[in-house]
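# Fold and contact review
Below, each chain spelled out in residue letters.
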Amino acid sequence: MVSAIARVTGRAGTGTARHYLNGPWVDFLTLGGGSVVILAAMAAFFPRDSASRAALAGTMLFLAHFVNHPHFAHSYQVFYRGFLRKAFGESVLAPHYRFAGIMIPAMLAVFFSVALAKGSVPLLGLAANVMFFTVGWHYAKQGYGILILDSVRNGVRFDFHERRWLLRNTHLAWFTWWLVANDALSSKNLWGIEYYLLDVPDTLLIPMVSLVAVSTGVVGWRISTRCRTADSLPVNGLVAYVAAVYVWLLAGRLDPLLLFVVPFFHSLQYMAVVWRYRMNEQADRSEAGERMRRKTWFRSARAALVRFAIVGGILGAAGFWLAPMAANGLNVYDRAVFGTTVFLFIAWTFINIHHYFIDNVIWRRDNPEMRHHLFGAKA
């Protein structure tokens, strides 16, 4: 595995040698640094007129076809590949695969069916609240995961207490963001379905914000202490953590327009990791079988990644647009109650919620495939 990673990344040294996922600048830009630079530039220079804001929203929706939607599809490709073996084999994660891969979609399907049958917009809107809740946690936990990945790959070993503080801070920052967002917005609308948020009292908000400040200080002190004794700093992991836990969660609170922008950067961060995972996986397979088969480009890791990306794009388009738009054309629900785009609402909320659960299985620390193909011998 070490030779496979070295061949794909071009890094296999010891000591202070850096171990990048995709290269120094690519990692910095895709894992979070690029988003910080662009969001800061937008805050300083982007026009505030309605025409410019509408153009930006339209541009981000267009780019979603190539980044946001495929990133969801990639999680399905990784999760359901070899699903029978994973879910019904001898792995300790088999119950997790069955729950996330079978039970969750079944429960979501029943929920949406009941909401449509009852003609209940408030019940359907509850799914948007759940999506809103899980998305913030998914953003923050992904930043934490990339920090741990970068630190392990570069020999910076956070001990149990340091990881616990990092995770505790991640929880606090995410939950406080969710409370602040609920307090700021009374209701939102997604594909014609209005859903309501909570009225959060200041007696809860103020202590939570204070806890986040204290936790952030403790985490900063612990990380700086650890990094002073490390041979190689997990710079891009730290950038990913700060971007996901703080910058992205706060951006939408500063300007709702940025809710169109932040998902793009989250998806880009995800794809940087999942593409490297796919490349390493295929590199191992090529290495194992190169003595038995003639080596061609079509059997290479890069060709496999191209196929993986194309399939992800097709699945993303089908899941977010083609299938729900076809379903909207069927006369199977009360249009006077739900409007004409209800299946777009269902598809978007279903995929977002399910994505949260399947990613909690894929990127677990004890998932042997993730450990092997991302961490390698350093796991």
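The rules behind the values
Residues numbered from 1 in each chain as written. Predicted model: local features only at pLDDT ≥ 70, side-chain atom pairs only at ≥ 80, totals over all residues. Heavy atoms only, no water. Helix = DSSP H or I, 4+ residues; strand = E, 2+ residues; numbered from the N terminus. Buried < 20%, exposed > 50% of the residue type's maximum accessible area, 1.4 Å probe, protein only. Contact = heavy atoms within 4.5 Å. Areas by Shrake-Rupley, 256 points an atom, 1.4 Å probe, with all protein chains shown as cover. Salt bridge = Lys/Arg side-chain N within 4 Å of Asp/Glu carboxyl O. Axes fitted to C-alpha atoms, helices over the stretch in contact; angles between N-to-C directions. Parallel < 35°, antiparallel > 145°, perpendicular 65-115°, else oblique. Left-handed = near helix turned anticlockwise from the far one by under 90°. Polar contact = N/O pair within 3.5 Å; in protein donor to acceptor, adjacent residues only side chain to side chain. Expected span 1.5 Å × (residues − 1). Arc of directions from axis to C-beta. Bend = angle between axes of the 7 residues up to and from the residue.

## Quick look at the overall build of the chain
The number of helices and strands found in the chain is 15 helices and two strands. Buried positions account for 48% of the 379 residues belonging to the chain. At a minimum sequence separation of 6, the contacts of the chain that also span at least 24 residues come to 75%. Summed over its atoms, the accessible surface of the chain is roughly 18500 Å², and 68% of this surface lies on carbon and sulfur atoms.

## So, the pattern of salt bridges
Enumeration over the complete set of coordinates arrives at five salt bridges. For Glu281, the salt bridge goes to Arg81, with nearest N and O atoms at 3.4 Å. Within this pair, whereas Glu281 is found in helix H11 (residues 262–289), its partner Arg81 is found in the loop between helix H4 (68–80) and helix H5 (83–88), the two being separated by 200 residues in sequence. According to the relative accessible area criterion, Arg81 is partly exposed, its value standing at 34%.

## Topic: the packing of helix H6 (residues 94–118) against helix H14 (residues 342–362)
Between H6 and H14, whose axes approach to 10 Å, the crossing angle comes to 160°. The angle between the axes of H6 and H14 places the two elements in the roughly antiparallel class. When you trace H6 past H14, the crossing you get is right-handed. Between H6, through His96, Tyr97, Phe99, Ala100, Gly101, Ile104, Pro105, Leu108, Ala109, Phe112 and Leu116, and H14, the contact on the second element is made entirely by Val342, Phe343, Ile346, Thr349, Phe350, Ile353, His354, Phe357, Ile358 and Val361.

## Description of the environment of Arg153
Relative to the helices and strands, Arg153 resides in helix H7 (residues 121–153). Classification of Arg153 as buried rests on a relative accessible area of 3%. Sequence separation of Arg153 and Phe375 is 222 residues, and the distance between their C-alpha atoms is 6.3 Å. A polar contact is formed between the side chain of Arg153 and the backbone oxygen of Leu374, at a distance of 2.8 Å.

## Considering helix H3 (residues 50–64)
The terminal C-alpha atoms of H3, which comprises 15 residues, lie 21 Å apart, in line with the 21 Å expected from a rise of 1.5 Å per residue. Listed as buried for H3 are Leu56, Ala57, Met60 and Ala64. Buried residues of H3, viewed axially, fall in a sector of 100°; they line one side.

## Notes on H6
Residues lying three or four places apart along an α-helix face the same way, a consequence of the helix completing one turn every 3.6 residues. Counted at 1.5 Å a residue, the expected span for H6 with its 25 residues is 36 Å, and the 35 Å between its end C-alpha atoms agrees. Its axis deflected by about 30° at Met103, H6 carries its strongest bend there, up to four residues before the proline Pro105. Along H6, the positions that sit buried rather than exposed are Ala94, Tyr97, Ala100, Gly101, Ile104, Pro105, Leu108, Phe112, Ala115 and Leu116. At its buried positions, H6 is contacted by H4, H5, H7, helix H13 (335–338) and H14. Following H6 by one or two positions, Gly119 has its phi on the positive side, about 65°.

Without other data, these values stay purely geometric and don't point to any function.
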